[in-house]
Amino acid sequence: SAWLRFRRIGFSAAFGRPAHPWTEIRDGAVFGSILYGVVALAVALPVRWLLGLVSDHPVSVPESLPTALDPLGWGLAVALVLLLAPVAEELLFRGILFAPVRSRFGLAAGIAGSALAGLAFQYERRGNLVAPLAAHVAFNALGLLIILRT
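Described in the following lines is the structure provided in the data block. All values reported here derive from a predicted model rather than from experimental measurement. (Residues numbered from 1 in each chain as written. Predicted model: local features only at pLDDT ≥ 70, side-chain atom pairs only at ≥ 80, totals over all residues. Heavy atoms only, no water.)

### Describing the nonpolar core
Grouped together as the largest cluster of nonpolar side chains are five residues: Phe-98, Ile-111, Ala-120, Tyr-123 and Leu-129. The contacts of Ala-120, once residues within four sequence positions are left out, are Arg-94, Phe-98, Ile-111 and Ser-114. (Core = buried A, V, L, I, M, F, W, Y, C linked by side-chain atoms within 4.5 Å. Buried < 20%, exposed > 50% of the residue type's maximum accessible area, 1.4 Å probe, protein only. Contact = heavy atoms within 4.5 Å.)

Structure, rendered in structure tokens:
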């Protein structure tokens, strides 16, 4: 964070200061949950169907987590999925990448350039990283729940 403040003037402004952080968290979590459903239905199922058409072998989902994790391993996996990955990705894609690309090439390029249009839209609309971060956590949490149930 200190390095970013020194190297990128105005970096702290990317975080924003939400007036109502719990509202941002709630709205972000709802958006992330909806986004998960959209991605699963609109992207994952058609891709799986297309792969099934072009493959000689049955299409199966690869194992996401090792089955023989001890409690510490599970705790680290959950912390990585729900805390470290969302924070790191949101800082990189929305906190660092989005604003410069948007200011130089426009909103559409900023959204496309920062990878997930839904979360970039949340960031642009809200002006802080709380809602997209909560959306990212909710998205990952739903994925983790599905992985754990299988």
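### A look at the pattern of salt bridges
As enumerated under the stated definition, the model contains one salt bridge in all. The salt bridge involving Arg-26 is made with Asp-27; its shortest N-O contact spans 2.9 Å. (Salt bridge = Lys/Arg side-chain N within 4 Å of Asp/Glu carboxyl O.)

### Structural notes on helix H3 (residues 21-54)
Given 3.6 residues to a turn, an α-helix orients residues that are three or four positions apart in the same direction. The terminal C-alpha atoms of H3 lie 47 Å apart, and with 34 residues this matches the ideal 50 Å at 1.5 Å per residue to within 8%. Along H3, the sharpest kink reaches roughly 35 degrees, centred on Ala-40. Among all positions in H3, only Glu-24, Gly-28, Gly-32 and Leu-35 are buried. (Helix = DSSP H or I, 4+ residues; strand = E, 2+ residues; numbered from the N terminus. Expected span 1.5 Å × (residues − 1). Bend = angle between axes of the 7 residues up to and from the residue.)

### Here's the deal with the packing of helix H4 (residues 71-105) against helix H7 (residues 130-149)
Two quantities define a packed helix pair, namely the angle between the helix axes and the distance between the axes. Packing of H4 against H7 brings their axes to within 9 Å, and their N-to-C directions diverge by 150 degrees. Our classification of the angle between H4 and H7 gives roughly antiparallel. Helix-helix and strand crossings are classified by hand; for H4 and H7 the assignment is right-handed. Here H4 contributes Trp-74, Val-78, Val-81, Leu-82, Ala-85, Pro-86, Val-87, Glu-89 and Glu-90 to the contact with H7, which in turn contributes Pro-132, Leu-133, His-136, Val-137, Asn-140, Ala-141, Leu-144 and Leu-148. Taken together, the residues of the contact of H4 with H7 sort by class into 13 nonpolar, two polar and two charged. (Axes fitted to C-alpha atoms, helices over the stretch in contact; angles between N-to-C directions. Parallel < 35°, antiparallel > 145°, perpendicular 65-115°, else oblique. Left-handed = near helix turned anticlockwise from the far one by under 90°. Nonpolar A, V, L, I, M, F, W, Y, C, P; charged D, E, K, R; others polar.)

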